[in-house]
Amino acid sequence: LSSYADQNIYIGFRHYDCNGSTAIGVLIDNVELSTDNFIFTGNGSWDVASNWVGEQKPESDSKVLINGTAVIQNGLNISVNELYINNGQSLTIEGGASLSVAAKFVNYDKDALIMNDGAQLFQNNENVYATFNMNMVNPTGTWGENDKTGWQFVSSPITNSPLSAFVPSEGYYDLYKYDGTASGAEWNNYKDGDFETEFISGRGYLASYQTETTATFKGVLNNASSFNTELSYYGDAYEMRFANFYLLGNPFTFNMDWSNISVENV
């Protein structure tokens, strides 16, 4: 299947089954399709057979193309071998659900792969774009300096995620990082400058939203199997009560097992 428009040729593929044909359209990375592939063409749950071509749901060794609007719902633990999200389509992993992609995961649109708070994703290759949505609790009283509710520790499971995307579109907010150096100011506010432009992997932050209930991280998934963070000691810092402390965060899209964490000279 090919088309000619604006002097550019776009190559796509057509999948056939015993009931006729299904037009797939323009595919990312020239994905080669065959009757062994599993293609999601519906709108809704991954677990509903009618959302799949031929009503055949994939298994752990399957090559999968998302050519619709797929949702992996709470309680589903999905494993596949390869997964591709077609141009203009999407996959959402809800809280309480997990997805494991053993070999290859292809997605270049950060808005096409959405992970909601509590979702887990295991994948192994670079350059997989995604959006992660974190639930935020608003203050119970008046937002401001004297309010002691609505504060949360946050950390980005996505690299190259701009801090500007985290800023809510309405209402007041605060975003702090902790500086434990002997000469540091301890808590530094994003709005005061002297702040990184992207979330640093493995660093924790302190945030509060006045009205919005969702914080958003957008960027590239961290696909590393291990993560190291450098801790430094700044000598006698008696006058700074919290000097040499660090606020760390989980840099992964899945829960960390404390038994796999090693520390030295702490």
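What this report covers is the structure whose coordinates are included nearby. Bear in mind the structure is a predicted one, so any value in this text is a computation, not a measurement. Position numbers for residues count from 1 along each chain, tracking the sequence in the order it is written. This being a predicted model, a pLDDT of at least 70 is required before a residue's local features are given, and a value of 80 or more before pairs of side-chain atoms are given or counted; all residues contribute to the totals for chains, interfaces and linings. With hydrogens and water stripped out, all remaining heavy atoms of the structure feed into the side-chain values.

Some remarks on the overall build of the protein
Consideration 1: Only DSSP runs of H or I with at least four residues qualify as helices, and only runs of E with at least two residues qualify as strands; both kinds are numbered from the N terminus onward. Looking only at helices and strands, the protein has zero helices and 19 strands in total.
Consideration 2: Only protein chains enter the calculation, and the probe is 1.4 Å; a residue is then buried if its accessible area is under 20% of its type maximum, exposed if over 50%, and partly exposed in between. Expressed as a percentage of the 266 residues in the protein, the buried residues total 42%.
Consideration 3: When checking whether two residues touch, look at their non-hydrogen atoms; a contact exists if any pair is within 4.5 Å. In the protein, once contacts between residues fewer than 6 apart in sequence are set aside, the share between residues at least 24 apart is 50%.
Consideration 4: Accessible surface area values rest on a Shrake-Rupley calculation with a 1.4 Å probe, where residue burial reflects the displayed protein chains alone. With the model as given, the accessible surface of the protein reaches about 14,900 Å², and the carbon-plus-sulfur share is 45%.

Focus on the packing of aromatic side chains
Consideration 1: For Phe, Tyr and Trp, where Trp contributes only its six-membered ring, two rings pair if their centres lie within 6.5 Å, and the inter-plane angle classes them as stacked under 30 degrees, edge-to-face over 60, or tilted in between. Counted by the stated rule, this structure contains 16 aromatic pairs.
Consideration 2: Look at W46 and W52: their rings are 5.1 Å apart centre to centre, the planes differ by 75°, and that puts the pair in the edge-to-face class.
Consideration 3: A relative accessible area of 2% places W46 in the buried class.
Consideration 4: The class for W52 is buried, based on a relative accessible area of 2%.
Consideration 5: On the numbers, 5.0 Å between centres and 70° between planes, the contact of Y178 with W187 is edge-to-face.
Consideration 6: Taking relative accessible area as the criterion, Y178 reaches 10% and is therefore assigned buried.
Consideration 7: Under the relative-accessibility criterion, W187 is labelled partly exposed at 37%.
Consideration 8: Here a set of aromatic residues connected by ring pairs shows up, and it is made of F132, F166, Y190, F195, F199, Y205, Y209 and F217.
Consideration 9: The rule for a charge over a ring is simple: NZ of Lys or CZ of Arg within 6 Å of the ring centre, and within 35 degrees of the ring normal. K177 extends its terminal NZ or CZ atom over the ring of F195, reaching a point 4.7 Å from the ring centre.
Consideration 10: When the ring centre of Y173 is taken as reference, the NZ or CZ atom of K191 above it lies at 4.9 Å.

Looking at a nonpolar patch on the surface
Consideration 1: Grouping into patches uses exposed residues only, defined as over 30% relative accessible area, and leaves out salt-bridged ones; the cut-off is 9 Å for like charges and 5 Å for nonpolar side chains (Val, Leu, Ile, Met, Phe, Trp, Tyr). Here a salt bridge means any side-chain nitrogen of Lys or Arg lying within 4 Å of a carboxyl oxygen belonging to Asp or Glu. Together, L231, Y234, Y246 and L248 make up an exposed nonpolar region whose accessible area comes to about 370 Å².
Consideration 2: Summarising the element assignment, L248 is placed in the segment after strand 19 (214-221).

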